[in-house]
Amino acid sequence: MQGKLTFTSKQITGIAVLLALVIVLQAVGGTVSIGPVQLNFTLIPLVLGAIIFGPWVGALLGFASGVVVLIQVIMGMVPFYALIWANDPIVTFLTCVLKTTVAGFLSGLVYNMLKEKKAVLAVFVASAIVPVVNTALFILGCLCMTNSVYAMANGTNVIVFILVSLVTFNFFIELAINLILAPTLHKVLKYIKI
C-alpha cells in the first residue's frame, strides 16, 4: 500500500530521541534570549528528523516544538508572549503550532525532492527552509496580531518593528546555525546509519 508510514524499531528509537531532544531543548535549554530576540536551537533536531525520516516526522517534531512554545506562551514566560496571548489567543495558538509544523514538513519534502539530484544541496536547502518558513509564518502571525504588535511597537511602524525588533537578528542567527550544524550532524548520523 503506497503512502503508508512504516518504521523499523531502530528508526522509531531515532525519532523518539529527536522528539525528546526537541521537547527538552524547547522547554529548558534550546532557546537563548537576547532582549526580545530568542535564538532557537530546537530547529536543528527538527531539520535532522525531516532529512533522515521524511516530511511527516519533520512535521511531528515541529508540532511538538510548537506545543512547547504554546505552553510557554500561555504561562507568560516572556513579556511579549503574555501580551500576544492576552490580546490574540487564537492567532497566537495557530502561529505557535503551525509555524514549526509547516517548516518541518516542507524541509523534509524539499529534501526528498532534491536528494537524488544533489544530496549536499538538498541538505543545505532543507536546513535553510526551517528558519525561513518558521520566520515567515511568525511574521504573518504578528501581522494578524494587530493589538499585541501595535502595543509593543509603541508608535513605531509595525512592519519596521516586526522586522527589526522581532525578526532580523533572530532569523539570521538561526539560519546560520542551521546551515552550519544541520549538514554536519547529518553527515555524522549517516555513519551511524539510522
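Here's what I pulled together on the structure shown here.

1. Let's talk about the environment of Gly-141
For step 1, the next point in the chain: Within the secondary structure, Gly-141 sits in helix α6 (residues 119-144).
For step 2, the next point in the chain: The buried category is assigned to Gly-141, whose relative accessible area is 4%.
For step 3, the next point in the chain: As a C-alpha pair, Gly-141 and Asp-88 span 53 residues in sequence and 10.0 Å in three-dimensional space.
For step 4, the next point in the chain: The contacts of Gly-141, once residues within four sequence positions are left out, are Val-91 and Thr-95.

2. A few points about the packing of helix α5 (residues 89-114) against α6
For step 1, the next point in the chain: It is at 8 Å that the axes of α5 and α6 come closest, and there the two elements cross at 160°. Relative to α6, α5 is oriented roughly antiparallel. For the pair α5 and α6, the crossing hand works out as right-handed.
For step 2, the next point in the chain: Of the residues that constitute the contact of α5 with α6, the class distribution is 19 nonpolar, five polar and one charged.

3. Some words on the layout of surface pockets
For step 1, the next point in the chain: When its volume is computed, the second largest pocket comes out at roughly 350 Å³.
For step 2, the next point in the chain: Lining the second largest pocket are 15 residues; nearest its centre among them are Tyr-111, Ala-119, Val-123, His-186 and Lys-190.
For step 3, the next point in the chain: Mapped by element, the contributors of at least two residues to the lining of the second largest pocket are α2 (43-53), α6 and α8 (158-192).
For step 4, the next point in the chain: Examining the composition of the lining of the second largest pocket, we find that six residues originate from one element, α8, more than from any other.
For step 5, the next point in the chain: Grouping the constituent residues of the lining of the second largest pocket by class yields nine nonpolar, two polar and four charged.

4. Considerations on the state of the cysteines
For step 1, the next point in the chain: For the structure on display, the rule yields zero disulfides.
For step 2, the next point in the chain: You can see Cys-144 has no disulfide; the closest cysteine sulfur is in Cys-142, sitting 9.3 Å from it.
For step 3, the next point in the chain: Owing to a relative accessible area of 44%, Cys-144 belongs among the partly exposed residues under this scheme.

About the thresholds
- Residues numbered from 1 in each chain as written.
- Predicted model: local features only at pLDDT ≥ 70, side-chain atom pairs only at ≥ 80, totals over all residues.
- Heavy atoms only, no water.
- Helix = DSSP H or I, 4+ residues; strand = E, 2+ residues; numbered from the N terminus.
- Buried < 20%, exposed > 50% of the residue type's maximum accessible area, 1.4 Å probe, protein only.
- Contact = heavy atoms within 4.5 Å.
- Axes fitted to C-alpha atoms, helices over the stretch in contact; angles between N-to-C directions.
- Parallel < 35°, antiparallel > 145°, perpendicular 65-115°, else oblique.
- Left-handed = near helix turned anticlockwise from the far one by under 90°.
- Nonpolar A, V, L, I, M, F, W, Y, C, P; charged D, E, K, R; others polar.
- 1 Å grid on protein atoms, 1.4 Å probe; cavity = no way out; pocket = protein on both sides within 12 Å on 5 of 7 lines; lining within 4 Å.
- Points joined across faces, edges and corners; volume = space filled by probe spheres on them.
- Disulfide = S-S within 2.5 Å.

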